[in-house]
Amino acid sequence: MPRRQTFEYVGLLAAALVLALMASGTPLGRQIDKDAYDWIFRAYQPPDWAPQSILLAIDEDSFRKFGGVVRLRNMVAEGLERIAAVSPKAVAIDVVLADEGNPADNDRLAAAIRKTPNVVLGSILVSGKWEEPLPAFRRAAAGVGHFYTDDLVSREIPLHKVGAGLDRRWTLALEAFRVGAGKPIQEIPPDLAIGDLVIPTAPPEYMLRIRYRPPDRPVPQVTLGQLVAQPDLASRFAGKTVFLGVTAQNAFDSKQTPYGLPAPMPGVEIHANVFETIANRLFLVTAPRAAALLFCVLLVAAIGVAFAVGSGWQAYAIGAVVLLMALFAPYLAFTRGVVLEFPAPVFSAGLAFVFAAAYKHFVVRKRMFTAEGDKSRYQQAMHFVTHEMRTPLTAIQGSSELIGRYAMTEEKRKQMAQLINSESKRLGKMIEIFLSVERLSAGQLELKKEQFGGMELMTACVDRVRPLAERKQIGIHVEPGPDAPLVGDRELMEYAFYNLLTNAVKYSPPSTEVAVFAQRDGERVRISVKDQGIGMDQKEVRKIFQKFYRTKKAEESGEVGTGIGLSIVEQIITQHGGSIEVTSSPGHGSCFTLVLPAQKVNSMVESN
Ligand code: ADP
């Protein structure tokens, strides 16, 4: 690729990257990210682990047995009383215990809390202030956490929440883990640590992604109703961390999970899953932004190289592979506990693919067009060589053969030699003119800036054409008038004049007149060649400057021609800043007028 194209190409790819990153930051991009996360969550079956927590669930049946929500504190007390003896590791109670309640119930619950090891209660943030459990409960408990869960679909949880006065609570599950482990929580931003366990978290509030147990193997649970009916079920709570809370369908704190279950998950079960994530070290770490960005850059670069180096289908195949890698990388990362954002890499690879393919398509096409242009120009050159050059070549060939083969008078021999000489000169000139015009139109040649009289040059051309005209008894009449002072390439201009004159003679019947005259028109000079020949209609006039175009009448006239001459004349005249006017009508002759800028007076002075 040329330098400029490389620059464009790399710029285009960079634009694809920037656009992709911007798009992934839009609300739609973020939603796609979440959907992809949930999809991967469902697709990936993690290795099973032995749960370290258990739910003590207050379900509809338990409500019915105990007499409804007004008896909630009694239900919690009952549950604690029944499992206290088997020594659970800790008990997290996911029930708000902030309001007054009735004294008898409160006393019973406070006693139950006191008797059970490591009870953790929860508080809620109400307009920035913590609403605490009643003091009697709090004194009896080992800790107080917070109940907060994030978002509509609960994917992650803030491990701490800060209320007014920098009063901070750990989330219920972490608080339960802390009291169970008997070790303090250390802050080593961005992470947290308890003993030798480091919990990788993300700002702003020590965010932790929740690793949910699969729907077919949920956190085990025993309902209060079952426990009352079969008291030995209490043994299942031994050594476990218990999450005690309401699972009845009308539980207000239910949230959807990435698994997209038919019913949302009760808050108490979400807390149990948070606990499982921490206790079993099943962390899902978000890939650092820089790493994700690097991945995007690599994808774009891979696609860029594929399209720059690979041939058609290869580039597409490699591009498709890279795109698939972008699609599956988040899944692969997830299986290793790393969460890679989904939209940025996929958008980057996708846009880079489209941009690179489009660029390649257009550049290749452009190259093909230029190649085609080169080809047709070459063909035209060949055409020109074979047609225009044949006449002088035939003359040279014939004359030289005659000289070699036959004895002839000295005078005849001289004549032949002169003919060969003049025809080969003509040939050389033709080649030169053709090449000059080609180079001029390709912008490779600068026009010569000679000063000469237009009419003087025209008269010289007329003298050259006269023998041709005389054969058809055509008189060429140069009207006296002002000489037209011109600037430019004398040789090219001579070619143009000569061409107009030979055309006028060629396309006129015998015994007619050709008139040549010049006019001054302000800054311009007009030089006309007028004949009484076959003429053309307006449609034909519009086409005669096209290469190889000849009118039907011209073909029928028996005059040899290639249809190239006028196209070269037009190029020469336009390169000189002029134009050609043609008036003609069939059977009534034509008039070709060259309109050219006149030499400026001061430049004439300079030349003197
Ligand atoms: P050529 O004369 O070799 O065919 P030109 O490019 O010089 O090619 O001219 C293109 C065509 O324009 C001619 O074939 C002819 O049909 C038409 N033409 C040019 N000059 C005249 C003229 N003076 N009178 C009528 N037709 C002309």
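Just above sits the structure.
Each value, and the rule that gives it
Residues numbered from 1 in each chain as written. Predicted model: local features only at pLDDT ≥ 70, side-chain atom pairs only at ≥ 80, totals over all residues. Heavy atoms only, no water. Pairing = 2+ DSSP bridges. Helix = DSSP H or I, 4+ residues; strand = E, 2+ residues; numbered from the N terminus. Axes fitted to C-alpha atoms, helices over the stretch in contact; angles between N-to-C directions. Contact = heavy atoms within 4.5 Å. Buried < 20%, exposed > 50% of the residue type's maximum accessible area, 1.4 Å probe, protein only. Near = heavy atom within 4 Å. Polar contact = N/O pair within 3.5 Å; in protein donor to acceptor, adjacent residues only side chain to side chain. Areas by Shrake-Rupley, 256 points an atom, 1.4 Å probe, with all protein chains shown as cover. Nonpolar A, V, L, I, M, F, W, Y, C, P; charged D, E, K, R; others polar. Patch = residues over 30% accessible without salt bridge, like charges linked within 9 Å, V, L, I, M, F, W, Y side chains within 5 Å. Salt bridge = Lys/Arg side-chain N within 4 Å of Asp/Glu carboxyl O.

## Considering the sheet that holds strand S20 (residues 513-521)
Taken in spatial order, the five strands line up as S18-S20-S21-S23-S22 in an open sheet, and their pairing is mixed. Both outer strands of the open sheet, strand S18 (475-478) and strand S22 (579-584), are each paired with one neighbouring strand and no more. On average, each strand axis in the sheet is inclined to that of its neighbour by 15 degrees, with strand direction left out of account. Pairing analysis gives seven bridges linking strand S21 (residues 524-530) to strand S23 (residues 590-597), with the strands arranged antiparallel. Note that in S23 the partner of Ser528 across the bridge is Thr593. Along the sheet, helix H15 (residues 454-471) makes contact with S18, S20 and S21, crossing S18 at roughly 170 degrees.

## As for the side chain of Ser399
Following the sequence through the fold, Ser399 ends up in helix H13 (residues 390-405). Looking at Ser399, the relative accessible area reads 5%, which means it is buried. What Ser399 contacts, discounting residues up to four positions off in sequence, is Met416, Leu419 and Ile420.

## Things to note about the sheet that holds strand S9 (residues 185-188)
Ordered by their spatial adjacency, three strands build an open sheet running S9-S10-S11, and the pairing between neighbours is antiparallel. Strands at the two margins of the open sheet, each flanked by one partner only, are S9 and strand S11 (197-199). Ignoring which end each strand starts from, the neighbouring axes of this sheet average 25 degrees apart. Examined bridge by bridge, S9 and strand S10 (residues 191-194) share four bridges and lie antiparallel to one another. Paired with Ile185 across the strands is Ile194, a residue of S10.

## A look at the site of the ligand
Around the ligand sit 21 residues, and of these Tyr507, Arg550, Thr551, Thr562 and Leu566 come closest. The contact in question runs from an oxygen atom of the ligand to an N or O atom on the side chain of Lys506, over 3.2 Å. One nitrogen or oxygen atom from the side chain of Ser590 is found 3.3 Å from a nitrogen atom belonging to the ligand. Alone, the ligand offers 530 Å² of accessible surface; in the complex the protein occludes 98% of this. Elements that contribute at least two residues to the shell around the ligand include exactly helix H16 (490-506), helix H19 (565-575) and S23. With four residues, H16 is the single largest residue contributor to the shell around the ligand. Of the residues belonging to the shell around the ligand, the class tally is 10 nonpolar, eight polar and three charged.

## A few points about a nonpolar patch on the surface
A cluster of nonpolar side chains, namely Val18, Leu19 and Met22, defines an oily patch on the protein surface of about 280 Å² accessible area. Relative to the helices and strands, Leu19 resides in helix H1 (residues 3-24).

## Structural notes on the pattern of salt bridges
For the coordinates displayed, the defined rule picks out 25 salt bridges. With its nearest N and O atoms 2.8 Å apart, the salt bridge here joins Arg217 to Asp48. Placement of the pair is Arg217 in the loop between strand S12 (207-209) and strand S13 (221-223) and Asp48 in the loop between helix H2 (27-43) and strand S1 (53-58), with a sequence separation of 169 residues. We classify Arg217 as partly exposed; its relative accessible area is 25%. Using a relative accessible area of 47% as the deciding quantity, one classes Asp48 as partly exposed. Arg526 serves as the salt-bridge partner of Glu581, at 2.7 Å between the closest nitrogen and oxygen. In this pair, Glu581 is assigned in strand S22 and Arg526 in strand S21, connecting sequence segments 55 residues apart. The class of Glu581 is partly exposed, set by a relative accessible area of 35%. Within the structure, one salt-bridge network assembled from shared partners comprises Glu78, Glu81, Arg82 and Arg108.

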